[in-house]
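Structural features, examined
Single-letter residue listing:
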Amino acid sequence: SFISWYLGDLFGVLLFTPTVIIALQSVLQGKHVALRQRLTVVIPMADSLFVFAVVFGAIKEKAVELSYFDFNQQAMMQSNYLQEAITIDTSAIKAAAAFFNSSQHVSADEFKTFTNQILQDVVGVYGLSYLPRIEHKDRESFVQSIQDQGFSDFDIKTRSSAGNIEIAPEHPIYFPLAYTEPYAKNKNAHGFNVYGEDAFIGENVRRKVLDTARDTGQALATERLSIVQQNDQYGFIIYYPFYSAEDLQNVEQRRKHHIGYINGV
């Protein structure tokens, strides 16, 4: 900014002052200045101004080009880093799903042991959770099974418009966070039914993602949203479905054998 200001004043003095003096000399001093004398001063000044404008324009264009090039390089690096991080995080989520698929039963302690090393190795994951498909007729026995593992205050929950976590109303199907690690960071979300309404963020932004993930068998992410763990923090959540059978060929088969999700915040 200083250089631009200084050069502006400098060229203003060098180019325009002689021209103004010549133009006003006859008026201010009462002297007649010959046209040839005027042109001797004005033409070099005009030429200098033209050359300066051309050079300045070329330098400015080059500077802008270099600036855009540097920006694009930085953006590409950040984009590649983000893509690599998401790939690693998604692999961690899929590994947890494979752990459930390969076991008849997984306890909360086993889930904690399995995810402990994964959470140390990945950078962007705030937490990993297991969300089984629970029908309403099985709600009471499911809640009791989690309470029996040491979580005495566990229940299936929802979030009110004020951001408070409350007991979820009746619903035909639930996908609650049955296990979540690290537990201390994700305790507020324990039991949260991601398939129900979330009044704090208005329209349920999760259900469409959950259904699409179930029908395609792919890991899908929500848009940026306020996470249940802390209302004043934002992130996006990747949901990865898993099934009770393999080699499912169509949507009907996936819906029939779908048993839950692993999510990564």
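Residues numbered from 1 in each chain as written. Predicted model: local features only at pLDDT ≥ 70, side-chain atom pairs only at ≥ 80, totals over all residues. Heavy atoms only, no water.

Details of helix α3 (residues 108–121)
Basically, it comes down to this: Helix and strand definitions follow DSSP, with helices as H or I runs of at least four residues and strands as E runs of at least two, each counted in order from the N terminus. For a helix, the expected span equals 1.5 Å multiplied by the number of residues minus one. Fitting axes to the seven residues that end at a residue and to the seven that start at it, the angle between those axes gives the bend at that residue. Note on exposure labels: buried denotes an accessible area under 20% of the residue type's maximum, exposed denotes more than 50%, and partly exposed covers the range between, all computed with a 1.4 Å probe on protein chains only.
In a regular helix each residue adds 1.5 Å, so 14 residues correspond to 20 Å; α3 covers 20 Å between its end C-alpha atoms and thus fits that length. In the structure, α3 departs most strongly from a straight axis at threonine 115, where the bend amounts to approximately 35°. Those residues of α3 not exposed but buried are Ala108, Phe111, Thr115, Ile118 and Leu119.

Concerning the pattern of salt bridges
Applied cut-off: Any Lys or Arg side-chain nitrogen located within 4 Å of an Asp or Glu carboxyl oxygen qualifies as a salt bridge.
In the structure shown here, the tally under the stated rule is nine salt bridges. The partner of lysine 137 in a salt bridge is aspartate 138, with the nearest N and O atoms 3.4 Å apart. A salt bridge links aspartate 198 to arginine 206, with the nearest nitrogen and oxygen atoms 3.0 Å apart. Of the two residues, aspartate 198 and arginine 206, neither departs from the other in class, the shared state being buried.

Structural notes on the packing of aromatic side chains
The geometry of an aromatic ring pair comes down to the distance between the two centres and the angle between the two planes. Test applied: Note on ring pairs: Phe, Tyr and Trp rings are taken, using the six-membered ring of Trp, and paired if centres are within 6.5 Å. Classes follow the plane angle, with under 30 degrees stacked, over 60 edge-to-face and the rest tilted.
Following the criterion strictly, the structure yields 16 aromatic pairs and no others. Plain terms: the ring middles of phenylalanine 100 and phenylalanine 111 are 5.8 Å apart, the flat faces sit at 50° to each other, and that makes the pair tilted. Here phenylalanine 100 is found in helix α2 (residues 35–101), whereas its partner phenylalanine 111 is found in helix α3, with 11 residues between them in sequence. Of the two residues, phenylalanine 100 and phenylalanine 111, neither departs from the other in class, the shared state being buried.

Quick word on a nonpolar patch on the surface
Just so we agree on the cut-off: By definition, no residue in a patch forms a salt bridge, and every one has over 30% relative accessible area; like charges are joined within 9 Å, nonpolar side chains (Val, Leu, Ile, Met, Phe, Trp, Tyr) within 5 Å. Surface accessibility in these figures is a Shrake-Rupley result with a 1.4 Å probe; residues are shielded only by whichever protein chains are displayed.
A cluster of nonpolar residues, Phe2, Ile3, Trp5, Tyr6, Leu7, Leu10 and Leu14, forms a patch on the protein surface that exposes about 750 Å² of accessible area. Structurally, tryptophan 5 is set in helix α1 (residues 2–29). A relative accessible area of 52% means that tryptophan 5 is categorised as exposed.

Here's the deal with the packing of α2 against α3
For clarity, the cut-off: To define axes, lines are fitted to C-alpha atoms, for helices over the stretch in contact only, and angles between the resulting N-to-C directions are given on a 0 to 180 degree scale. Oblique is the label for any angle not under 35 degrees, not over 145, and not in the 65 to 115 range, which are roughly parallel, roughly antiparallel and roughly perpendicular in turn. Two helices cross in a left-handed way if the nearer one is turned anticlockwise from the farther one by less than a right angle. They cross in a right-handed way if the turn is clockwise. In what follows, residue pairs with any heavy atoms lying within 4.5 Å of each other are defined as contacts. Charged means Asp, Glu, Lys or Arg here, nonpolar means Ala, Val, Leu, Ile, Met, Phe, Trp, Tyr, Cys or Pro, and polar covers whatever is left, Gly included.
Where α2 meets α3, the axes come as close as 11 Å, and the angle between the chain directions of the two elements is 155°. Viewed along their axes, α2 and α3 adopt a mutual orientation that is roughly antiparallel. Pair α2 / α3 crosses with right-handed handedness. Between α2, through Ala92, Ala95, Ala96, Phe99 and Phe100, and α3, the contact on the second element is made entirely by Glu110, Phe111, Phe114 and Ile118. Tallied by class, residues from the contact of α2 with α3 come to eight nonpolar, no polar and one charged.

Here's the deal with the sheet that holds strand β1 (residues 128–132)
What links the strands of a sheet is backbone hydrogen bonding, and the strands pair in either a parallel or an antiparallel sense. For clarity, the threshold we go by: One requirement defines pairing of two strands: DSSP has to find at least two bridges between them.
In space, the five strands of this open sheet follow the order β6-β1-β11-β10-β7, with antiparallel pairing throughout. Each of the sheet's edge strands pairs with one partner strand only, and the pair in question is β6 (179–181) and β7 (220–221). Inspection of the sheet shows strand β10 (residues 238–243) paired to strand β11 (residues 258–264) by six bridges, in the antiparallel sense. By the bridge assignment for β11, tyrosine 239 is matched with asparagine 263. Sitting on the sheet, α2 is in contact with β1, β6, β10 and β11, with an inclination near 25° to β10.

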